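# Structural overview for review
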Amino acid sequence: MTTIPTYETIRAIAVRLVQQRYPTAVAAIIGGSFATGRQTPTSDIDLLLLFEHVDCAWRDTLVAEGRTVELFAHDVATFTYFCKEMDAPGGTVPLAMMVVEGENIVAASEHSAQLLALAQAIDTAGPPVLDVENLQRRRYAITTALEDLVDSTQPGEALAVACQLYEALADLHLRAAGVWSGGGKHLFRRLQAFDAAVAGQLDGALRLVASDLPSGQHAFGQVAAAVLAPVGGPLLEGFTLPAPAHWRSAPAV
């Protein structure tokens, strides 16, 4: 049986990697599964490197001492841009979370302190508030997807729609409450930390769709009603979405 490496083992690998390949890094943060204690035998090492200056931010995937490393390189300006301009509008800030949850494995400095303060401020501020149009889009999409699920008699189609609903409902529940969301496994983790009851209901509903479709359809209806109620409920009739006037091809000549 493959064993799960200890954090101390992973930390030592990361320290050697930084010393050998990136000695000018002013901060090196181990984040991800090893930082939060959720590592598996094959977990990657998520490593964020901060430099005084980079011409452009970059990421790399490499292998160090037999362990895959997902590396993210930034300076303060690029880190700020990625967090605030690229990630935050979508409701997730994975880079900031790496810093908040992780450990700096090089000597502390004003740069690492600045990075931590910035990441903590981003985390504390929370995601952008969902405006009325965004909420209406989400309510409509969830309502129509739920209709597709309830009407479905094909297990494969139903499961595909249920997966879509799971993500939409989980993300809406978090975002409507002003809480950062996530993608993939991180979506479940964020939801479970915020509202374990809804996380359990969604997980159970998805499993039921795969094993007992009628029960799963009913379960999704219940959890969807609970998530939609605080933001206005289901939405079908009256939803309108005009396209920008410039969305048209030029006349043929």
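Here's what I pulled together on the structure shown here. (Residues numbered from 1 in each chain as written. Predicted model: local features only at pLDDT ≥ 70, side-chain atom pairs only at ≥ 80, totals over all residues. Heavy atoms only, no water.)

### Regarding the nonpolar core
One finds Leu149, Leu165, Leu169, Leu172, Leu202 and Phe220 to be the most contacted residues of the largest nonpolar core, which totals 30 residues. Elements supplying a minimum of two residues to this core: helix H6 (132-151), helix H7 (155-176), helix H8 (185-194), helix H9 (196-211) and helix H10 (213-228). Broken down by element, this core gets its largest block of residues, nine residues, from H7. Residues Leu17, Ile30, Leu71 and Ile105 belong to the second largest nonpolar core, which totals 23 residues. (Core = buried A, V, L, I, M, F, W, Y, C linked by side-chain atoms within 4.5 Å. Buried < 20%, exposed > 50% of the residue type's maximum accessible area, 1.4 Å probe, protein only. Helix = DSSP H or I, 4+ residues; strand = E, 2+ residues; numbered from the N terminus.)

### Notes on the sheet that holds strand S4 (residues 67-74)
Pairing within the open sheet is mixed, and its five strands lie in the order S3-S4-S2-S1-S5. Strands with a single pairing partner mark the edges of an open sheet, and in this sheet they are strand S3 (58-64) and strand S5 (103-104). Summarising the sheet, strand S1 (residues 27-31) and strand S2 (residues 45-50) pair through five bridges and their orientation is antiparallel. The residue of S2 that forms the bridge with Ala27 is Leu50. (Pairing = 2+ DSSP bridges.)

### A few points about the pairing of S1
Burial analysis of S1 places five of its five residues in the buried class, which makes it a mostly covered element. The side-chain alternation of S1 yields two buried faces, one formed by Ala27, Ile29 and Gly31 and the other by Ala28 and Ile30. Sheet topology note: the S1/S5 ladder contains two bridges and is antiparallel. Within S5, the residue paired with Ile30 across the bridge is Glu103.

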